[in-house]
Amino acid sequence: MLPEPLRALGDLATNLRWSWHPETQDVFAAMDPEIWRDGHDPVKTLGAVTTARLDELAGDAAFLQMLEAAHADLQHYLTGERWFQKASKAEGAALPTAIAYFSPEYGITSVLPQYSGGLGILAGDHLKTASDLGVPLIGVGLLYQYGYFRQQFSREGWQLESYPVLDPDGLPITLLREEDGTPAQIRIAVPGENELAARIFVAQVGRVPLLLLDTDIEENPGPLREVTDRLYGGTSEHRLLQELLLGIGGVRALRAFSRITGAEAPEVFHTNEGHAGFLGLERIRELTVAEDGPRLDFDTAVEVTRAGTVFTTHTPVPAGIDRFPRELIEQYFGPQTPVPGVPTDRILHLGAEDYQGGDGGVFNMAVMGFRLAQRANGVSELHGEVSRGMFNGLWPAFDEAEVPITSITNGVHAPTWVAREVFELAKKQGARVADFGADSDAAEVWSVVDEVPSSDLWSTKRELRKRLVEDARGRLRKSCLKRGQSAAELGWIDTALDPDVLTIGFARRAASYKRLTLMLSDPERLKRLLLHPERPIQLIMAGKAHPADDGGKKLIQAIVQLADDPEVRHRVAYLPNYDIAMAQPLYPGTDVWLNNPLRPYEACGTSGMKAALNGGLNLSILDGWWDEWYDGSNGWAIPSADGVEDPDQRDDIEAAALYELIENEVAPRFYDVDETGVPPRWIEMVRHTLKSLGPKVLSTRMLREYVNRLYAPAAVASRAMNDSYAGATELASWKSRVKGGWSEVKIDHVETEGLSDSPEIGGGMDLHVFVSLGSLAPGDVDVEVVHGRVKGEDQLVDTTTSSLTLGETYEGGRHRFDGHVQLARAGSFGYTVRILPRNPHLASPAELGLVVLA
């Protein structure tokens, strides 16, 4: 029990805002610096500080003043008006009252290890940013007893995994309880004699509650207690149970949370990848077996569910998608289905790969995600293009460019990832640190970088590089001892790495397409770069392979063995157990962030963004976000040999290009210093990087886009469907009628006039399109002309689409639609005519997958 004057410490420790608020961290560091350094964990610190020390602090006026200021700041942060609240007051604003965000992992802080990599880190940044902006988000996930895994290396450099048990009592989470004090629980039916039960923990992420479901309770028999044992482990059936719990159980947890706390029920549901896709089935079940409202039929319930659902796909490779055997889905949604009232055959259809090239024997979670979400997106412009190609089979009548998957490029949470010293540089020039929060995607905020003296930028980077070197040495020493080496053998670590050497960072999952070992393609050339007498480089690398991925483990082993070589071990380090705690000194301390994936398999990648915000320069293949925002001066683009089919040859070509860039451009610029010891051309690139990328790579920009482009339209659509359900009933009926009558829709012929043989700017063309609509009415369709330049024999490019108007109606369901096309350019001109379904409640003309072409 804390002394009364220190009670506020409990509030600070259990709200994870401390993880991105340095002033709150200062409070816990002041309690006992040594305990704080051992993990930066407020809960652990409170438990480890002696009673005598607590009593001493309770009488320390300076400490109490610091505590009071931090607590008052937290209360203001939690209750004050922020961006979303201001935006909600704007005329015509129709923002959602609450948004549920589902993800299988969350990377918020290393003391809550519920993440494996980029997906979880992004989810954590999403929640933190929602808190900073005041967006009314509620996170939903699972509480894994072992987290992901802790990584260590054998003497031979092979990855070893261990799974320390996490005690919920030692984590910054609280148990959701009913009014009578009993733990709140949700249950879902599963095959066998028992239901799957889970309790609900709440992690408070600033203003955002994160609900975490835990099956490690006495009510569950052994196998069911282990459903939330570890992240991304176990058999297909184990993964299915986890995803049933996340989706179906997650919705039930939300309902319990709203009932107990009075929190707003979500209007919008956002599923971060397909793992949580079953949430749509639970929402359909709620509507089809409703006890306190009208019971809807399946098709109407689907429309209500789709309208308020957003689906984000994160993988550019089919292997990254969860696909379950169809028979397993039939088993789990059979007689003991967790969603009674939802027909099994309709469930199977939602995840069926019933398109050309699909596998009829599997249930695809991403496919279900798209079918149950009216709005979907990829996570970079290039990834959006790749996703439209990957999933074109769901809309086969449309060109890839018109597949209804948009893009919102990921961003990163600056308060988490930017070093305190970098913020201090800005503060010295009069900038408010708050400017780099809610308003930090405004370009003018970043102009302050031009006011910072070059010497200050350079000395700050050296200080950050020095801190990274010291952190890396400590991790290396611990790793070597665990690998069986004696302390007497480790004297070399005292001088391993150098705070004055060009430092290149590379840290990510050891998946094959990320090409961890590309730099090893020519070992001798790499050694020459590492050991150059005047312009040496050093590599600090990290990353985990999935426990079942021996190929990834072999890649890691190759780097670890290179780092063991006495000739270069002072210049190469592969650090074990890459996590948030390692990343926070790593990104600021590197001069160059390397990323060399096999293009276009990097969906986005955000580690380079974090390095850029700390004054690091990117050296990367043009993939993911870098393809979008590289401008020729804010880093370097590694040329990619896209047309080379032999993978080994391609690797050799791209590795050679990488060596050339480092040797001839990167290193010379870094070491080309003036009389004051500052490299002016390097600092010039750093300034440009901060100004050109700073406003773009932030998660404030990203989340504003989600709110304005996806969440707000989804909320409007959801209200239209939920208002007595008349809109949903009408839309479901209309879709059924249009699909049933579409085979009768035809373009009979097209008449044009006014177009010369050599079209000129300002000229025009009148069109008269005669169509047969069968049983459909003219208002059910949109007759369009698509026109543009002709490329090659018949390809239209730079196209513009215009809708035609109904001119006249004839007998037999025939109609004439008229329009005029004004030419905006001279030269080759082409056009085509098409018919699409039209309804104000469609989010995209391609939504039904129906089109008739001339």
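Residues numbered from 1 in each chain as written. Predicted model: local features only at pLDDT ≥ 70, side-chain atom pairs only at ≥ 80, totals over all residues. Heavy atoms only, no water.

A short note on the overall build of the protein
Scanning the protein from terminus to terminus reveals 28 helices and 28 strands. For 854 residues, the compact-globule formula gives about 29 Å, and the C-alpha radius of gyration of the protein, at 29 Å, lands near that figure. For the protein, the spread of C-alpha atoms along the three principal axes comes to 95 × 70 × 50 Å. Looking at the protein as a whole, 57% of its 854 residues qualify as buried. Counted over contacts in the protein with a minimum sequence separation of 6, partners at least 24 positions apart contribute 71%. For the protein, the exposed surface amounts to about 33900 Å²; the carbon and sulfur share of it is 48%. Separation of charge centres in the protein, based on 82 positive and 122 negative side chains, amounts to 3 Å. (Helix = DSSP H or I, 4+ residues; strand = E, 2+ residues; numbered from the N terminus. Rg over C-alpha atoms; globule rule 2.2 N^0.38 Å. Buried < 20%, exposed > 50% of the residue type's maximum accessible area, 1.4 Å probe, protein only. Contact = heavy atoms within 4.5 Å. Areas by Shrake-Rupley, 256 points an atom, 1.4 Å probe, with all protein chains shown as cover. Lys, Arg positive; Asp, Glu negative; His and termini not counted. Charge placed at Lys NZ, Arg CZ, Asp CG, Glu CD.)

Quick notes on the packing of aromatic side chains
Tallying each qualifying case throughout the model produces 27 aromatic pairs. Feature note: the residues W458, W636, F670, Y671 and W682 constitute an aromatic cluster, connected by ring pairs. A cation over an aromatic ring shows up here: R230 above the ring of Y146, its NZ or CZ 5.5 Å from the ring centre. Over the face of the ring belonging to W417 we find K610, whose NZ or CZ atom lies 4.4 Å from the ring centre. (Phe/Tyr/Trp six-rings, centres within 6.5 Å; stacked < 30°, edge-to-face > 60°. Lys NZ or Arg CZ within 6 Å of the ring centre and 35° of its normal.)

Comments concerning the pattern of salt bridges
According to the stated counting rule, one finds 51 salt bridges in the structure shown. Put simply, R17 and D73 hold a salt bridge, and the shortest N to O gap is 2.7 Å. Here D73 lies in helix α6 (residues 61–79) and R17 lies in the loop between α1 (8–14) and α2 (22–31), a separation of 56 residues in the sequence. Judged by its relative accessible area of 10%, R17 falls in the buried class. The partner of E267 in a salt bridge is R719, with the nearest N and O atoms 2.7 Å apart. Highlighted residues: E267 in the loop between α10 (236–261) and β9 (268–272) and R719 in helix α27 (residues 699–722), separated in sequence by 452 residues. Residue R719 is classed as partly exposed on the basis of its relative accessible area, which comes to 31%. (Salt bridge = Lys/Arg side-chain N within 4 Å of Asp/Glu carboxyl O.)

What to know about the packing of helix α19 (residues 454–482) against helix α26 (residues 680–693)
Relative orientation of the contacting elements α19 and α26 amounts to 85 degrees, with a least axis distance of 10 Å. In terms of axis orientation, α19 runs roughly perpendicular to α26. Touching S454, L457 and W458 of α19 are W682, I683 and R687, all from α26. Of the residues assigned to the contact of α19 with α26, the class counts are 4 nonpolar, 1 polar and 1 charged. (Axes fitted to C-alpha atoms, helices over the stretch in contact; angles between N-to-C directions. Parallel < 35°, antiparallel > 145°, perpendicular 65-115°, else oblique. Nonpolar A, V, L, I, M, F, W, Y, C, P; charged D, E, K, R; others polar.)

Things to note about unusual backbone geometry
The omega torsion across R599 and P600 is 5 degrees, close enough to zero to call that bond cis. Along the polypeptide, P600 turns up in the loop between β18 (592–595) and α23 (607–613). Residues other than glycine seldom take positive phi values, yet H40 does so here, at roughly 45 degrees. Among the structural elements, H40 can be located in the loop between α3 (33–37) and α4 (42–48). For Y725, which is not a glycine, the phi torsion comes out positive at approximately 65 degrees. Of note, Y725 is situated in the loop between α27 and α28 (726–741).

What about the sheet that holds strand β22 (residues 764–772)?
What the 4 strands build is an open sheet, ordered β21-β22-β26-β25; its pairing is antiparallel. Each having just a single partner strand, β21 (746–753) and β25 (805–809) make up the two edges of the open sheet. Averaged over all adjacent pairs, the angle separating strand axes in this sheet is 25 degrees, with direction ignored. Sheet topology note: the β22/strand β26 (residues 814–822) ladder contains 9 bridges and is antiparallel. In the strand pairing of β26, V771 is matched with H815. (Pairing = 2+ DSSP bridges.)

Description of the packing of helix α12 (residues 298–307) against α28
One way to put it is that α12 packs onto α28 with a least axis distance of 8 Å and a crossing angle of 115 degrees. It follows that α12 is roughly perpendicular to α28 by the angle criterion. Considering the relative orientation of α12 and α28, their crossing is right-handed. Contacts between α12 and α28 pair D299, T300, E303, V304 and R306 from the former with A728, T729, L731, A732 and K735 from the latter. Of the residues assigned to the contact of α12 with α28, the class counts are 4 nonpolar, 2 polar and 4 charged. (Left-handed = near helix turned anticlockwise from the far one by under 90°.)

Observations concerning the sheet that holds strand β17 (residues 572–575)
Strands sit in the order β17-β16-β15-β18-β19-β20 across an open sheet of 6 strands; the sheet is parallel. Sheet topology places β17 and β20 (635–638) at the edges, where each strand pairs with a single neighbour. Between one strand and the next, the sheet's axes are offset by a mean angle of 20 degrees, whatever the strand orientation. The sheet contact formed by β18 and strand β19 (residues 617–621) spans 4 bridges and is parallel. By the bridge assignment, N595 is partnered in β19 with S620. Set on the sheet, helix α20 (residues 523–530) makes contact with β16 (537–542) and β17; between it and β16 the angle comes to about 115 degrees. Strands in contact with α26 are β15 (502–507), β18, β19 and β20; relative to β19, the strand with the most contacts, it is inclined by about 75 degrees.

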